[in-house]
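Observations on the three-dimensional arrangement
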Amino acid sequence: MGTDVPASEQISSAKRNPQVYCPEDTGGTAAVQITDREIPEDSRSQNEPGYCSPEGPEQLMDSYEGKATGYQVPPFGWRICLAHEFAEKRKPFQANNISLSNLVKHLGMGVRYFKWWYWKTQVEKKKPFIDMINCVPLRQIYGCPLGGIGGGTITRGWRGQFCRWQLNPGIYQHQTVIADQFTVCLRREGQTVYQQVLSMERPSVLRSWNWGLCGYFAFYHALYPRAWTVYQLPGQNITLTCRQITPILPHDYQDSSLPVGVFVWDVENEGDEAVDVSIMFSMRNGLGGEDDALGGLWNEPFCLERDGETVQGLLLHHPTLPNPYTMAVAARLTEGTTVTHITAFDPDSTGQQVWQDLLQDGQLDSPTGRSNPSQKGAGIAGAVCVSGKLPPRGRCCMEFSLAWDMPRIMFGAKGQVHHRRYTRFFGPDGDAAPALSHYALCRYADWEDRISAWQSPVLDDRSLPTWYKSALFNELYFLADGGTVWLEVPEDSLPEELLGSMGQLRPILLEYGRFGYLEGQEYRMYNTYDVHFYASFALIMLWPKIELSLQYDMALATLREDLTRRRYLMSGVMGPVKRRNVIPHDIGDPDDEPWLRVNAYLIHDTADWKDLNLKFVLQVYRDYYLTGDQGFLKDMWPVCLAVMESEMKFDKDHDGLIENGGFADQTYDGWVTTGPSAYCGGLWLAAVAVMVQMAVRCGAQDVQDKFSSILSRGQEAYERLLWNGRYYNYDSSSQPQSRSVMSDQCAGQWFLKACGLGEGDTEVFPTTHVVRALQTIFELNVQSFAGGAMGAVNGMQPHGVPDRSSVQSDEVWVGVVYGLAATMIQEGLTWEGFQTAEGCYRTVWERLGLAFQTPEAYCQQRVFRSLAYMRPLSIWAMQLALQQQQHKKASRLVLEEGTGLTIGPKCGPKEALANLSPE
């Protein structure tokens, strides 16, 4: 499913007087009737004092002194002046942020972790899958990443720096490469009058270059997968707009895999004189680190003419093992432009030769032939320049591309060679960089048309808040920049014994490949399944075949075992790596050999976790429901039966409801749960209900009867043990935190509604209880926390104080909040849903400066945890909820037209949808 259904005024849940919510910045949109809740007295609307956090969209642009708006920059997205400085500087969560009581609880785990960390880093010389000692520091600099899905990514910061690199699969280098820059040269009447590196940096190398751009006359605008940087050149009557494009194209399984990015420069002359304009794109071969130190790097020019189009540029060959690659910096030769180059220069020198070369005539010397290989310890860089004439009051366009060809990769164990997805279309031989460049420069206009067609229904819907339009698309960055790999699957690698029982396993994996993305850039495990449960909405809605492929891989891993014993860090107990017929926590570490060796996570033995098996069952049915793929459901049915049979042992008293084990045995792996609990118990009941539906579709009457009986008994136990009249208790232990209000307590209902279940004949949780629980969460976890401006805290005590009984209960988990907001929308509390999610977006993107590195968690003050995390992709569950509500309303209108019934006043379609009362 895409976003082709406009999500307009979403539902009113009725029974009292509706409130009115008019989203900000919608150009005078009429107020939309979208919820009916009574607002608590201490609730603040977004226009009242104290609601917004100190930073906001206006503050991000406060420093901008220019008048230029740029060429065709859209109104929606994340916009920031290049001179902006974030006032709040947070630190990563570390041991000294843990309270004394929690420190005592985890002392043994801390000692065991440090011993393991020391062995891993000092003896094995490997990187730990989670490095709690050396967290990635705060850098408030990141912008849209370049590169499609699974071919590696290069992040260009919002100030123009190339600063985050993931070329080796799953391994990040957070490093700004100074030589990687765009430079503008302006000439009038044969004389250079202005030459400037478009960077605010003032580095110690390339000192002959003119650095220190005035950031007050430039701004950055991101709407992933595109971004715009607008430079107003003071005193020159020239405005530059750099548009960055990456082929992230829903339902496209070819171009979306390409390791390319395009930069289109639109240059506008607001003066009455003609100007000669040159844009130079310089790029270092490598990052200047230890991978380059051995030398042997070399550059060469290339020219590729095909189908009447000519692309010229440089190839930067980086043959360092085990994953050699070639980078291509290229430009399209068009009528009225000239493309020149310099093959090699020293990026660690003063750079005088290059600077003077450009200054002399606005072009580069264009030597022929390849460069000499770099010497040990020496760097090498190159540059490509496009020059053209700009008439008075005119505009010209210059097009560059950046492509990288690393077709064959090895993970850290160096045991197997894998081919990236794009090699299916461009070959595995390592010579595809020119063809990739040519293809990108000739196809980017089509990509932009497709991106616009995909995004426009959301962007044009005036009922949706402005912040949501930015969040929905910009959070998608993680699908490409999550250490993502998308690999070809060799035919002989599939297990023969399963090909008969899983009819679609072979065609799905062979046709759509194997996909992996990290839990987070700091939490280095592929396809962490308890977190994918939240993030998977983006995949199933936009690239459903990738989601199905991932599910087949997870099913394969479930049916295998690895009885190698190891010590688990939290308990200190020895246990096997992986047991048969339980869902693995993850598919492996990119610094090892993922898919071959799963469960890189060794803090807990996740075979005893209560949520993983249930999340598989729920996702299988949701994926079937949204794709209609009967073959997929049939293939997954035996696996679902197996994992649910494994799960049965957790119902120790046979009352139809599982019990948690008195440790942190679910995705909240630092928050102890004992006995029946709201979160795992709710997931269990939802999974049992889904098994009933699957049994019906698979013609298994005995299984249907079995799970129907379990469901009936489990529902009674869940309500009796956990419902307290306002919400479901955290768990049923005798501990004080058992009565905490958990923001994620309705996760089971969330998935049921996403599957078209959970109401009417398929109701599992009483609707009145669900709505009351969500209202309580909004009143306590949202509005009573940080003035209602930071989202929902994970746990809140009934008297309005955050639950600090664990290291995670007083955190805000962004992805959980987006899922909570989706649940609110599903239940008609749309106003509350948007308010709840808005707090997270504004905190992360506008206040903390964590754009394109949304963390797993932050606390009310001081710290964040795990930058660039998978779970916030769950914002696409909000979009699904909005679309499903819209479909439901449209169906209701059709019913009314057929029966002559009317509900609410007569009005146009949009107004009718807004004023419908619920059934």
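Described below are features of the structure shown in this document. Small disclaimer: the values here were computed from a predicted structure and weren't measured.

**What about the overall build of the protein chain?**
In terms of regular secondary structure, the protein chain is built from 23 helices and 34 strands. For the protein chain, the C-alpha radius of gyration of 28 Å lies close to 29 Å, the compact-globule estimate for 919 residues. Dimensions of the protein chain, computed from C-alpha atoms along their principal axes, come out at roughly 85 × 65 × 55 Å. Sequence-distant contacts, at least 24 apart, represent 71% of the contacts inside the protein chain between residues at least 6 apart. Just so you have it, the protein chain exposes about 31,700 Å², and 50% of that area is on carbon and sulfur atoms.

**Thoughts on the sheet that holds strand β10 (residues 191–197)**
Within the open sheet, the 5 strands sit side by side as β10-β9-β15-β20-β19. Their pairing is antiparallel. Only two strands of the sheet have a single partner each, and these edge strands are β10 and β19 (337–345). Put simply, the sheet's adjacent strands are angled 20 degrees from each other on average, direction ignored. Note that strand β9 (residues 181–188) and strand β15 (residues 275–284) share 7 bridges and pair antiparallel. Looking across to β15, one finds that Arg 187 is bridged to Asp 276.

**Quick look at the layout of surface pockets**
Estimates place the volume of the largest pocket at around 1,100 Å³. Around the largest pocket, the lining comprises 39 residues; the ones closest to its centre are Lys 127, Asn 168, Ile 171, Tyr 172 and Gln 173. Elements represented by at least two residues in the lining of the largest pocket include exactly β7 (162–166), β8 (173–174) and α4 (290–293). At 3 residues, the largest contribution of residues to the lining of the largest pocket is made by α4. Of the residues contributing to the lining of the largest pocket, the split by class is 15 nonpolar, 13 polar and 11 charged. Around the second largest pocket sit 41 residues that line it, and Phe 93, Ile 98, Met 109, Met 132 and Tyr 523 are the ones nearest its centre. Looking at the lining of the second largest pocket, the elements with two or more residues in it are α3 (107–123) and α12 (529–542). Considering every element that reaches the lining of the second largest pocket, the biggest residue donor is α3, with 6 residues. Along the lines of polarity and charge, the residues of the lining of the second largest pocket split into 23 nonpolar, 9 polar and 9 charged.

**Description of the nonpolar core**
Soluble, globular proteins show a tendency: their nonpolar side chains are buried together. If you look at the biggest cluster of nonpolar residues, it comprises 282 residues, and the most contacted ones within it are Trp 78, Trp 265, Phe 400, Leu 402, Phe 616, Trp 876 and Met 878. With 15 residues, helix α16 (residues 678–697) is the largest single contributor of residues to this core. Once you skip the residues sitting within four places of it in the chain, Leu 402 turns out to touch Leu 146, Ile 154, Phe 162, Pro 259, Val 260, Gly 261, Phe 263, Phe 281, Met 283, Met 327, Ala 328 and Val 329. Grouped together as the second largest cluster of nonpolar side chains are 18 residues, Ile 178, Cys 185, Phe 345 and Cys 385 included.

**Describing the sheet that holds strand β13 (residues 238–245)**
As summarised here, the arrangement of the 9 strands in space is β3-β11-β12-β13-β14-β21-β18-β17-β16, forming an open sheet in which the pairing is antiparallel. Only two strands of the sheet have a single partner each, and these edge strands are β3 (78–81) and β16 (298–306). Between one strand axis and the next, the sheet turns by 15 degrees as a mean value, whatever way the strands run. Sheet topology note: the strand β14 (residues 260–269)/strand β21 (residues 395–405) ladder contains 9 bridges and is antiparallel. Following the sheet pairing, Phe 263 is matched in β21 by Phe 400. On the sheet, helix α7 (residues 433–459) packs against β11 (218–223), β12 (226–233), β13, β14, β16, β17 (309–318), β18 (325–333) and β21 and is oriented at approximately 110 degrees with respect to β21. In the packing of helix α8 (residues 466–474) onto the sheet, the strands contacted are β3 and β11, and the crossing angle to β11 comes to about 70 degrees.

**So, a nonpolar patch on the surface**
Together, Phe 114, Tyr 118, Trp 119, Val 123 and Ile 133 make up a nonpolar patch on the protein surface, roughly 510 Å² of accessible area in all. We classify Trp 119 as partly exposed; its relative accessible area is 48%.

**Examining the environment of Asp 461**
Its place among the elements puts Asp 461 in the loop between α7 and α8. According to the relative accessible area criterion, Asp 461 is buried, its value standing at 4%. Sequence spacing of Asp 461 and Asp 623 is 162 residues, and the spatial spacing of their C-alpha atoms is 27 Å.

**A short note on helix α17 (residues 701–722)**
With 22 residues, α17 extends 31 Å between its outermost C-alpha atoms, agreeing within 8% with the 32 Å of an ideal straight helix rising 1.5 Å per residue. Those residues of α17 that are buried are in contact with α15 (630–647), α16 and α19 (767–782).

**Quick word on the side chain of Glu 719**
Looking at the secondary structure, you find Glu 719 in helix α17. The side chain of Glu 719 sits in the buried core without any salt bridge; Arg 720 is the nearest counter-charge, 10 Å away. Among the polar contacts made by the side chain of Glu 719, one reaches the side chain of Tyr 728 at a distance of 2.6 Å. At a separation of 2.7 Å, a polar atom in the side chain of Glu 719 contacts the side chain of His 769. If near-sequence neighbours (up to four positions away) are discounted, Glu 719 is found in contact with Tyr 728, Pro 766 and His 769.

**Re empty space enclosed by the protein**
The gaps left among the atoms become clear once a water-sized probe is rolled over them. Scanning all chains against the criterion turns up 5 cavities of 30 Å³ or more. Quantified by volume, the largest cavity comes out at close to 60 Å³. Around the largest cavity, the lining is made up of 15 residues, and of these Val 577, Asn 599, Asp 605, Thr 606 and Ala 607 lie nearest the centre. When residues of the lining of the largest cavity are assigned to their parent elements, the largest contribution, 3 residues, is made by strand β27 (residues 574–578). Partitioned by chemical class, the residues of the lining of the largest cavity number 8 nonpolar, 3 polar and 4 charged.

**Let's talk about the packing of aromatic side chains**
Across all of its chains, the model carries 60 aromatic pairs by this definition. Between Tyr 113 and Trp 116, the aromatic rings sit 5.6 Å apart at their centres with planes inclined by 45 degrees, giving tilted as the arrangement. Note that Tyr 113 and Trp 116 are positioned in helix α3 at a spacing of 3 residues, about one turn of the helix. Like Tyr 113, the residue Trp 116 is buried in the burial classification. A centroid spacing of 5.9 Å and a plane angle of 15 degrees characterise the contact between Tyr 231 and Trp 265, whose relative ring orientation is stacked. One end of the pair, Tyr 231, is in strand β12; the other, Trp 265, is in strand β14, and 34 residues separate them in sequence.

About the thresholds
- Residues numbered from 1 in each chain as written.
- Predicted model: local features only at pLDDT ≥ 70, side-chain atom pairs only at ≥ 80, totals over all residues.
- Heavy atoms only, no water.
- Helix = DSSP H or I, 4+ residues; strand = E, 2+ residues; numbered from the N terminus.
- Rg over C-alpha atoms; globule rule 2.2 N^0.38 Å.
- Contact = heavy atoms within 4.5 Å.
- Areas by Shrake-Rupley, 256 points an atom, 1.4 Å probe, with all protein chains shown as cover.
- Pairing = 2+ DSSP bridges.
- Axes fitted to C-alpha atoms, helices over the stretch in contact; angles between N-to-C directions.
- 1 Å grid on protein atoms, 1.4 Å probe; cavity = no way out; pocket = protein on both sides within 12 Å on 5 of 7 lines; lining within 4 Å.
- Points joined across faces, edges and corners; volume = space filled by probe spheres on them.
- Nonpolar A, V, L, I, M, F, W, Y, C, P; charged D, E, K, R; others polar.
- Core = buried A, V, L, I, M, F, W, Y, C linked by side-chain atoms within 4.5 Å.
- Buried < 20%, exposed > 50% of the residue type's maximum accessible area, 1.4 Å probe, protein only.
- Patch = residues over 30% accessible without salt bridge, like charges linked within 9 Å, V, L, I, M, F, W, Y side chains within 5 Å.
- Salt bridge = Lys/Arg side-chain N within 4 Å of Asp/Glu carboxyl O.
- Expected span 1.5 Å × (residues − 1).
- Lys, Arg positive; Asp, Glu negative; His and termini not counted.
- Polar contact = N/O pair within 3.5 Å; in protein donor to acceptor, adjacent residues only side chain to side chain.
- Phe/Tyr/Trp six-rings, centres within 6.5 Å; stacked < 30°, edge-to-face > 60°.

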